[in-house]
Each structure stands twice: as C-alpha cells, then as structure tokens.
Amino acid sequence: MSIQSQTLVKRHFSLRQQDARTAWLLVIPSLVIILGVTLWPIIYTFILSFYHAPTGINQVRTFVGLGNYIEMVTDQLFWDTIRRTLYFTVVSVGLEMLLGLGIAQLIHSHPWGWQFLRFALIIPWAVPTIVNGAMWRWIYSADFGALNALLMQLGLIKHYIAWLTLPNAAMNLVIVADVWHTMPFVALVLQAALATLPIELEEAAAVDGASAFQRFWSIRLPLLRPAILVALIARTVDAFRVFDIVYILTSGGPAYKTLTITFLTYLNSFPFGKQGIGAALSFLISIFTVIMAFIFIRLLYRPEETQ
Amino acid sequence: MMAGRKVIRKVFLFLLTLPVFFFIFFPVLWLFSASLSTQVELFAIPMHWIPYHPTLQNYLDIFFPSLAASTVPRTFAVSLINSVKIASGVTLVSIVIGSLAAYALVRIPFKLNRSIQLGIIATRMIPEVSLILPLFILASSLQLINKPILLIVTYLSFALPYAIWMMAAFFQTVPVELEEAARLDGCSRLGILFRIVMPISVPGLISTAMFTFLLAWDEFFYALIFTSTLASKTVPVAIAEFIGRYTVNITGMMAGGILAALPPVILAFLFQRYIVTGMTAGAVKG
C-alpha cells in the first residue's frame, strides 16, 4: 500500500468519526427528551408497581413485592376487562379493515363522484377524537338524539331509547363511533396503495379468463399486502389502547360493560387512588406494547429497506 | 350491449357510494344543524332536522364570551386559546429538535443508528396511560400542574417521535448525489442539512408541522390529568368536563365541538396530498 492511499484511508476514517460525532450531536436533544418522558416513567412505574401506594395526604408507600400483581390477576374484573378490550380491538379493527378495503376498492373503480368521496373521507378522520365521542354521545342521546329521531321517523321504534345504558349494546355503539372516526384512515391508505398497483397483471389475467373475484383474490390482494399490514398494525395498536372515546361516551359503563384495560388503569391510578395497582397495570400494558412493537417491526421493517 | 352493461355498472357503483356518503355526512351535518338551533328546539319531538328558527347565537357566544350568559362559551373561548398555544409550542419544538435527529438517522451511518430508529417506533406505540403516574407525581412535586409548559413537554412523548419519523420519510427523498456534491465542495454535515436538505424539504416540513399540530390538538389524556382549573383546560378536556352535566348548555357545546373540529378539517383539506404519508409515518414506518 502506498503512502498516499494510506493517508487517504486515514482521512476517510476520521471523516467517519467526525460524522458519528455530528450524528450524536443532532440526535441527543431528541433522545434526551424521549427517554425522559417515556423510558424514565416506564422504569419508575415498574418500581412503583411493587409498592402499596395509596394517594392522599400522610399516606406512605409500603413494599408489597408482587402483591399488586397478585391482587390484579385474582380480580375477575381484570380478566373481564382484558376480554372486552380484545373484543373491542378485534371487532373495531375488523370492521375498519373490511369497510376500508371495500371503500378503497369502490373509489378505485371510479364511480361518479369518486373524487368527492375521497375528499369526504378526510372529514371523519380529521375530527378530533373527543369531538367525535361527544357527537356520538349526542346522536345516541335518549332526549334529543339523531338515532332515536331517525328510527322513530322510519317507524322502527315507538319511543326514544337510552341507547348507551343498554348493557349489551353499549360496547357495540362505542365501536360504531370509533369506526366512523378511524375507517377513513384505512380507506385512504389502501386507496393510495391501490392507485400505485400495476394494471398489466390484472389485464393479462382478465384476457386469460380469470373472473373479477379471482383477479381480486390472487393478484390485487397479495400486492396490497404491505399496505394492509401497515393499516392493520397501526389500527390494532391504537384500538388496544382506546381511552378517549370510552371516557366521553360511557366512562366504562353501564356496569363496566365498556371498561377497557387503559380505562381500568386510569380508574385505579386516579379516581380509586390505588397507584400501586395502577402502576402494575401500566407496566403490564407497556410490556405488552413492546412485545407487539417487536413483532410488528419484524413483520414490517426489514433491514435491507433501511440503509 | 357492452355500452349497456357499462352504464349498469356505473349506476350500480354509484348506488354503492350512497350509503357511504350517508354514513360519513349524517353525523356531522346533524351536529352542525343542531348547533344552529336553540336548546328548546333541540329537544323537539319529532326532531327538526333543520331548525325552524336557526340562530348563530351559540357561535357568537364563544367569539364574544363576555356577553354570554352561560359558562360553556366562556370556557370554550379560553380553552381554544390554550389549545392553540400548546399545540403550537409542541409543533415548534418537535420540528426544530426532531429535524436534526431525523436527518442524522436517515443520512449518517453511526453505531446504534438502527437501534435508535427502532426504539423511536416502539415509543410511538406506548399508551400515555402507562407513562402517566411518574409524570404526575413529578409534576405535582414541581408544582407544574395546570401550567402549559407541562403539557408541551409531555406531549413531546408522542409528537417528537412522530415528527422525527415523518421528516425522516421526507429527507429520504432528497437525492444523495446532491449531498455528495456539496461534501466534495467542502460543505459540512450541518451545512448540508441547513443549506440543501431543509430548503428542499420545506413542503415536507410544513406538512409534518401540520400533522404534529393535529396530534397535539387531539390529545386528551395528559390534559385531563394535568389540568384542574377551567382556565388551563384544552378544548377536548373542556368538552369532556361539560358533557357529563345534565343542565348544561348542549347547543353551546355543539357549537364548541364544531369550532374545535374546524381547524383540523381545514388543515387536512389543505394538506390532503400528504395525508397518506403522514398517516403511515405516524403509524409505523416512514
């Protein structure tokens, strides 16, 4: 190796080092903030979950080991809440995916007014979650609700019904409200993906005599897989941690019929003043989220795509 | 005959769009119509779908709170200002600090780069509920409850990772050749970021700012826990505060809800080109 090329290598190396220094300089402010408002609370929550920690003046924390976790898993309400959260997640995301895919497909077939339809989908998506919740609470209202008015004028009901107090209907009504707000996300993402698909394959298949359903099932759906996966994952993560819409529509009622896991955590942490149990539940949710994140990253985020 | 089938198909597809339009528009149009009615008319049975005596009073009360009779519009006027302040603060910090990180993560190879990227994705998924207790305990002991700065800092837990991901997606589209040419001319990394990457990415930065603003505008949980006085509440908390009360001015709240929904809806229309990028960046991947 000549002297010249040696110095070149050396210079290149120091440039890389310099680069790494610059990179850290650029990343550190964000990293400090993110670690401060996420990692530190998770660690603190983990520690807190081993203490009996009632809120209030003159209350002291006492170490109880796994006491909070044992109290948590021996409570039937905890398991009911898990079951309800899963029900909400599966039904709500399932409906969103089906409706979203259907509407994306509909827009893609370019019926009259398809541009307006795509435009209109932005409205439910952009309406803030709490405004959406309030709106549906008013729609379901027993005194002046639009649902009652509509059903009455269609002759389907004789008098107004307090929809959100019906134990078996409440969760499904929350799901309808959630679907209104989040289905456009799925529809817009899938519609954008559909618009980029190559048309030649399907045309060739059509020439070969494949039916519309066959073309959809064996060509379009597999090509859409990445977009479907992105939408599915994003929605699952969000649905699992649903809080705002439950808070505003039902506050977990009637009789805990719409109580979800994040809401149970909130109740224990604040109104019930049982911070230890709240911390145990919080930590459980964090662990579950990290596991989900890990699975999703493996599914979606392949190394060759990054660098 | 082909033409006939085509027309039938068109009509059939059009008929399919009608229930979709109904589902999208019925709730919002009813809400808007109800916000134009008086409290008395709202309770009419059968429903007046379009108020017989429409009035802008509910909106005027919010814009001129000092003249309003009930507390609802006064609180909304204050909380709208709070929401604007807090969402703007969060957006500003996220863009300024996040753009630096996004550039480094996209363009500079260094140890831990990938781990940091994955960590940021995972952070986005953690629910606020599981971070709240320590933040609340710390904020109480520092007497930060009800202070806007507390909401701005805690909102960064979701806004900053989001902004980093979305900007990373835009920075990735800047041609590497441009940067290499600049480096050969002796431009430093920071010089490249500020003189080349940022100027090219202005539309991306603006749309990231818009989506970050929307996220902060939408936030409810931290605001619920970290505010206790009417003067410090954001719009979502103000709505939640009033909705459980029976004697409350409902049409006034409906007007407040419409006003709270307007900024995000207008922003979303203006930036619709970027919505899908914004959605998927927020979701999982840039």
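Residues numbered from 1 in each chain as written. Chains lettered and ligands numbered in written order. Predicted model: local features only at pLDDT ≥ 70, side-chain atom pairs only at ≥ 80, totals over all residues.

## So, the overall build of chain B
The condition that has to hold: Comment: elements are numbered from the N terminus, with helices defined as DSSP H or I runs of at least four residues and strands as E runs of at least two. Atoms considered for the radius of gyration are the C-alpha atoms alone. The globule rule reads 2.2 Å times the number of residues to the power 0.38.
Helix and strand counts for chain B stand at 14 helices and zero strands. Secondary structure elements in chain B, listed N-terminal to C-terminal, are α-α-α-α-α-α-α-α-α-α-α-α-α-α. Over its C-alpha atoms chain B spans a radius of gyration of 24 Å, topping by over 25% the 19 Å that the globule rule assigns to 286 residues. Seen through its C-alpha atoms, chain B measures out along the principal axes to roughly 80 × 75 × 35 Å.

## A few points about the overall build of chain A
Going by this rule: What counts as a contact is two residues whose backbone-derived C-beta atoms lie within 7 Å of each other.
Along its length, chain A carries 13 helices and two strands. With respect to the principal axes defined by its C-alpha atoms, chain A has extents near 95 × 75 × 30 Å. Considering only contacts within chain A whose residues lie at least 6 apart along the sequence, 70% involve residues at least 24 apart.

## Considering the domain arrangement of chain A
For clarity, the cut-off: Each domain's limits were defined by an automated method or a database of domain assignments.
Assigned domains of chain A: these are domain 1 (3–41) and domain 2 (63–305). Each of domain 1 of chain A and domain 2 of chain A was reduced to a C-alpha centroid, and the two centroids are 40 Å apart.

## Focus: the interface of chain A and chain B
Interface size is commonly expressed as the accessible area that is lost once the parts come together. The following threshold applies: Side-chain classes follow a simple rule in which Ala, Val, Leu, Ile, Met, Phe, Trp, Tyr, Cys and Pro form the nonpolar group, Asp, Glu, Lys and Arg form the charged group, and the remainder, Gly included, forms the polar group.
The interface is formed by 86 residues belonging to chain A together with 80 residues belonging to chain B. Considering every element that reaches the side of chain A that touches chain B, the biggest residue donor is helix α1 (residues 3–48) of chain A, with 20 residues. Residue composition of the side of chain A that touches chain B, by class: 63 nonpolar, 18 polar and five charged.

## Side note on the environment of Leu92 of chain B
Among the structural elements, Leu92 of chain B can be located in helix α4 (residues 71–107). In sequence terms Leu92 of chain B and Tyr222 of chain B are 130 residues apart; their C-alpha atoms lie 19 Å from each other.

## A short note on unusual backbone geometry
Across the junction of Gly253 of chain A and Pro254 of chain A, the peptide omega takes the value -10 degrees, indicating a cis bond. One non-glycine residue, Ala255 of chain A, lies in positive phi territory at about 50 degrees. Even without a glycine there, the phi angle at Gln143 of chain B is positive, about 55 degrees. Along the chain, the position of Gln143 of chain B falls in the loop between α6 (132–141) and α7 (148–171).

## What about the packing of helix α5 (residues 113–125) of chain B against α7 of chain B?
Residues and elements named next belong to chain B. Our working definition: Fitted lines through C-alpha atoms serve as axes, helices being fitted only where they are in contact, and the angles separating the N-to-C directions of these axes extend from 0 to 180 degrees. For classification purposes, angles smaller than 35 degrees are called roughly parallel, those larger than 145 roughly antiparallel, those between 65 and 115 roughly perpendicular, and all remaining angles oblique. Put simply, a crossing is left-handed when the front helix is turned counterclockwise from the back one by less than a right angle, and right-handed when it is turned clockwise.
One way to put it is that α5 packs onto α7 with a least axis distance of 9 Å and a crossing angle of 135 degrees. When the interaxial angle is binned, α5 and α7 end up oblique. Remark: the crossing between α5 and α7 carries left-handed chirality. Note on element contacts: α7 touches α5 through Phe158, Pro161, Tyr162, Ile164 and Trp165, opposite Ile120, Thr123 and Arg124.

## Let's talk about the packing of helix α8 (residues 170–196) of chain A against helix α10 (residues 212–240) of chain A
Helix packing for two helices is described by the angle between their axes and how far apart those axes are. Residues and elements named next belong to chain A. Where α8 contacts α10, the two axes come as close as 9 Å, and the packing angle between them is 160 degrees. Between α8 and α10, the interaxial angle falls into the category roughly antiparallel. Our pair here, α8 against α10, has a crossing hand that is right-handed. Counting all contacts with α8, which are made through Thr182, Phe185, Val186, Val189, Leu190, Ala193 and Leu194, the residues of α10 involved are Leu224, Ala227, Ile228, Val230, Ala231 and Arg235. For the contact of α8 with α10, a count of residues per class yields 11 nonpolar, one polar and one charged.

## Some details on the confidence of the model for chain B
Residues and elements named next belong to chain B. Counted only if it meets this: For every residue, the predictor reports its confidence as pLDDT, a number between 0 and 100.
Model confidence for chain B is summarised by a mean pLDDT of 88, while 95% of its residues fall at 70 or above. Model confidence for chain B, summarised as mean pLDDT per element, is weakest for helix α14 (residues 275–283) at 66 and strongest for helix α11 (residues 221–226) at 95. Predicted complex, confidence summary: ipTM 0.90, pTM 0.89.

## A few points about the environment of Tyr266 of chain A
Examined against the element boundaries, Tyr266 of chain A turns out to sit in helix α12 (residues 261–269). In the structure, Tyr266 of chain A is positioned 13 residues away from Ala279 of chain A in sequence and 9.8 Å away in space, judged by C-alpha atoms. Those residues in contact with Tyr266 of chain A that lie beyond four places of it in its chain are Phe243 of chain A together with Val129 of chain B.

## Quick look at the nonpolar core
Note the threshold: Nonpolar cores are identified as sets of buried Ala, Val, Leu, Ile, Met, Phe, Trp, Tyr and Cys residues joined via C-beta atoms within 7 Å. In this scheme every C-beta is placed from the backbone, and a residue whose C-beta has 20 or more other C-beta atoms within 10 Å is buried, one with 12 or fewer is exposed, and one in between is partly exposed.
With 170 residues, the main nonpolar core has Leu190 of chain A together with Ala159 and Ile239 of chain B as its most contacted residues. In terms of residues, this core owes the most to one element, α7 of chain B, which gives 19 residues. Each of two domains, domain 1 (3–41) and domain 2 (63–305) of chain A, supplies a minimum of three residues to this core. In this structure Ile239 of chain B touches Ile130, Val131 and Ala134 of chain A together with Met253, Gly256 and Gly257 of chain B, once residues within four positions along its chain are discounted.

## A few points about α12 of chain A
For α12 of chain A, a buried count of nine out of nine residues is recorded, marking the element as mostly surrounded by other parts of the structure. All of the buried residues in α12 of chain A are Ile261, Thr262, Phe263, Leu264, Thr265, Tyr266, Leu267, Asn268 and Ser269 of chain A.

## Quick word on the environment of Ala255 of chain B
Residues and elements named next belong to chain B. Along the chain, Ala255 falls in helix α13 (residues 250–270). Put simply, Ala255 and Phe211 are 44 residues apart on the chain and 24 Å apart in space, counted from C-alpha to C-alpha. Here Ala255 is in contact with Ser35, Asn58, Tyr59 and Ile62, once residues within four sequence places are set aside.

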